[in-house]
Amino acid sequence: MSVWVDLQGQDSVVAQLRRAAQSEKPTHAWLLTGPPGSGRSNAALAFAAALVCERPELVARGCGICKACHTTLAGTNADVTFIATEKTTISIEEARNLVRKAHDSPSSARWRVMIVGDADRMAERTTNVLLKAIEEPPPRTIWILCAPSPADVLVTIRSRCRTLTLRLPPVADVAALLVRRDGIDPELALNAARAAQSHIGIARRLASDPGARERRDATVRLPLNLRDVTTAVHAAASLLELAQAEASSSNEERDAVEKATLLRNLGAPETGALPPSMRSQVRALEEDQKRRGKRSVTDHLDRALTDLLSFYRDVLVLQLDTRGGSGVERETVELVNDPLRAQLQEFAARTRPEQTLERMDAVNAVRRRLTTTNVAPLLALEAMAVSLL
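Reading the values: rules and limits
Residues numbered from 1 in each chain as written. Predicted model: local features only at pLDDT ≥ 70, side-chain atom pairs only at ≥ 80, totals over all residues. Heavy atoms only, no water. Helix = DSSP H or I, 4+ residues; strand = E, 2+ residues; numbered from the N terminus. Contact = heavy atoms within 4.5 Å. Pairing = 2+ DSSP bridges. Axes fitted to C-alpha atoms, helices over the stretch in contact; angles between N-to-C directions. Domains from an automatic or database assignment. Buried < 20%, exposed > 50% of the residue type's maximum accessible area, 1.4 Å probe, protein only. Salt bridge = Lys/Arg side-chain N within 4 Å of Asp/Glu carboxyl O. Phe/Tyr/Trp six-rings, centres within 6.5 Å; stacked < 30°, edge-to-face > 60°. Parallel < 35°, antiparallel > 145°, perpendicular 65-115°, else oblique. Left-handed = near helix turned anticlockwise from the far one by under 90°. Nonpolar A, V, L, I, M, F, W, Y, C, P; charged D, E, K, R; others polar. Patch = residues over 30% accessible without salt bridge, like charges linked within 9 Å, V, L, I, M, F, W, Y side chains within 5 Å. Areas by Shrake-Rupley, 256 points an atom, 1.4 Å probe, with all protein chains shown as cover.

Caption draft 1: Inspection of the side chain of Asp118 at higher detail. For Asp118, the position within the fold is in the loop between strand 3 (112-116) and helix 5 (124-135). The residues touching Asp118, leaving out its near neighbours within four places in the chain, are Ile83, Ala84, Thr85, Ile90 and Cys146.

Caption draft 2: Here's a closer look at the sheet that holds strand 3. Spatial ordering of the open sheet is given by 2-3-4-1-5, a layout of 5 strands whose pairing is parallel. Across the chains shown, the open sheet's two edge strands, defined by having one partner strand only, are strand 2 (80-83) and strand 5 (162-165). This sheet shows a mean twist of 15° between the axes of neighbouring strands, independent of strand direction. With 5 bridges joining them, strand 1 (residues 29-33) and strand 4 (residues 141-147) adopt parallel strand pairing. When the bridges of strand 4 are listed, Leu31 appears paired with Leu145. Sheet contacts for helix 2 (residues 40-52): strand 1, strand 2, strand 3 and strand 4; angle to strand 4, the most-contacted strand, approximately 165°.

Caption draft 3: Seen up close, the domain arrangement of the protein chain. Per the domain assignment, the segments making up the protein chain are domain 1 (10-165), domain 2 (170-197) and domain 3 (229-269 + 277-320 + 334-388). Taking the mean C-alpha position of each, domain 1 and domain 2 sit 28 Å from one another.

Caption draft 4: Here's a closer look at the pairing of strand 3. Counting buried positions over the 5 residues of strand 3 gives 5, a clear majority of the element. In this sheet, strand 3 lies alongside strand 2 in parallel orientation, the contact comprising 4 bridges. Paired with Thr81 across the two strands is Met114, which belongs to strand 3. Two strands pair when backbone bridges link them, and strand 3 and strand 4 are joined in this way by 5 bridges, in the parallel orientation. Residue Met114 lies in a different strand from strand 4, and its bridge partner there is Trp143.

Caption draft 5: Seen up close, the pattern of salt bridges. Taken as a whole and judged by the stated rule, the model has 20 salt bridges. The salt bridge partner of Arg216 is Asp307, with a shortest N-O separation of 3.4 Å. Of this pair, Arg216 sits in helix 10 (residues 210-220) while Asp307 sits in helix 12 (residues 276-322), and the two are 91 residues apart along the sequence. The exposure classification of Arg216 matches that of Asp307, with both residues buried. The network of salt bridges with common partners includes Asp6, Arg180, Arg181, Asp182 and Arg204.

Caption draft 6: Expanded view of the packing of aromatic side chains. Summed over the entire model, instances satisfying the criterion amount to 4 aromatic pairs. Relative to Phe47, the ring of Trp30 lies with its centre 5.1 Å away and its plane at 75°, an arrangement referred to as edge-to-face. You can see Trp30 sitting in strand 1 and its partner Phe47 sitting in helix 2, a full 17 residues away along the chain. Assigned by exposure class, Trp30 and Phe47 land together as buried. For the pair Phe311 and Phe347, a centre-to-centre distance of 5.1 Å together with 85° between the ring planes defines the contact as edge-to-face. Pair noted here: Phe311 is in helix 12 and Phe347 is in helix 13 (residues 341-349), with a separation of 36 residues, a long-range link. Here Phe311 falls in the buried class, since its relative accessible area comes to 0%.

Caption draft 7: The arrangement of the packing of helix 7 (residues 171-182) against helix 8 (residues 186-195) in detail. Closest axis-to-axis distance for the helix 7/helix 8 pair is 8 Å, and the angle between their directions is 135°. Taken as axis vectors, helix 7 and helix 8 run oblique relative to one another. Relative to helix 8, the crossing made by helix 7 is right-handed. Side by side, helix 7 and helix 8 meet where Val171, Val174, Ala175, Leu178 and Val179 of the first sit next to Pro186, Ala189, Leu190, Ala193 and Arg194 of the second. Its residues assigned to classes, the contact of helix 7 with helix 8 shows 9 nonpolar, no polar and 1 charged.

Caption draft 8: Summary view of a nonpolar patch on the surface. On the surface, Val229, Val233, Val386 and Leu389 cluster together into a nonpolar patch covering about 280 Å² of accessible area. When you line up the elements, Val229 lands in helix 11 (residues 229-266). Relative accessible area serves as the criterion here: at 49%, Val229 is assigned to the partly exposed category.

Caption draft 9: Representation of the packing of helix 14 (residues 353-372) against helix 15 (residues 377-387) in the model. For the pair helix 14 and helix 15, interaxial distance at closest approach is 9 Å and the crossing angle is 170°. Comparing the axis directions of helix 14 and helix 15 gives the class roughly antiparallel. For the pair helix 14 and helix 15, contact is made by Ala362, Val363, Val366 and Leu370 and by Pro377, Ala380, Leu381, Met384 and Ser387, respectively. Residue classes in the contact of helix 14 with helix 15 are distributed as 8 nonpolar, 1 polar and no charged.

Here you go:
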């Protein structure tokens, strides 16, 4: 069992990382890029596990069975530090803590590995805190940064890193992973992988949560019900409610487990009021969860808009297919939302490709506004829905 086994469709990247893990002098700084769902963080953890693997044979680095591999993948290895953020950005203080940690010698492994899972969520002044440490790291420290694209990281950082780009794996590979690792029914796994557009995490959620599948189906069907300004406004409100429901479904169980764990670790009494010192810690946790919940709504809303884009993507594919040289509609064209093929074909027949592209631009525009500005989500969604008429 290798640490690389779950990196579906990334053979070229895996080959390069395996060679580096076997080297006595691997590159000291790496930038792993790729679209959401490509497995950037998983690749970073697998690489880190291979670097600290306890197997003496170089060819076995990343064996997946030694203690170092297990603890790295579980996030508990003392020589591997992983930071990501559920806030808007990584703070300067968090970056400074990383730099201090990077100067510690490895406790038992060959290397100390520093992973920044959201390198794109650092402001310029925060990135500058890491610059010197990445440019001239201690002799046994290796940095791994993850971001959607090289353009999301300051040029001063990426010029000092070796860049590897991951791609979204094929739908069939994602489905096979869900079947093998999660025991999902093959047909359900394939439908979920296609609906998730090869995003492994979302495919797993769609395959395992009927409620998530229902919310996604409601989102994708939204354009079919747009007739006038009134229905557009209602559709915008519905889209926001669906995103909030999805975020709540994702966070409720996790929040409860975190609170129960904190109370247990604090030795809190089972009944009665908490002592003031415990109340302050519980309050701090609840504030962190509240901030995380706010970002979670934005993230799920962005995903809902991505699902909405898949409707227009399918429409455009059908429009271009039927306007091809043969003039005959081909039923073999692959659609993300294949169960809606009949409705998609009807929609495609009464609109033009130019209109579809304009609608896709409108959806992408609101995605950018929601993630880069403080625009009120409902107002932005209402303006978008009206432009989709």
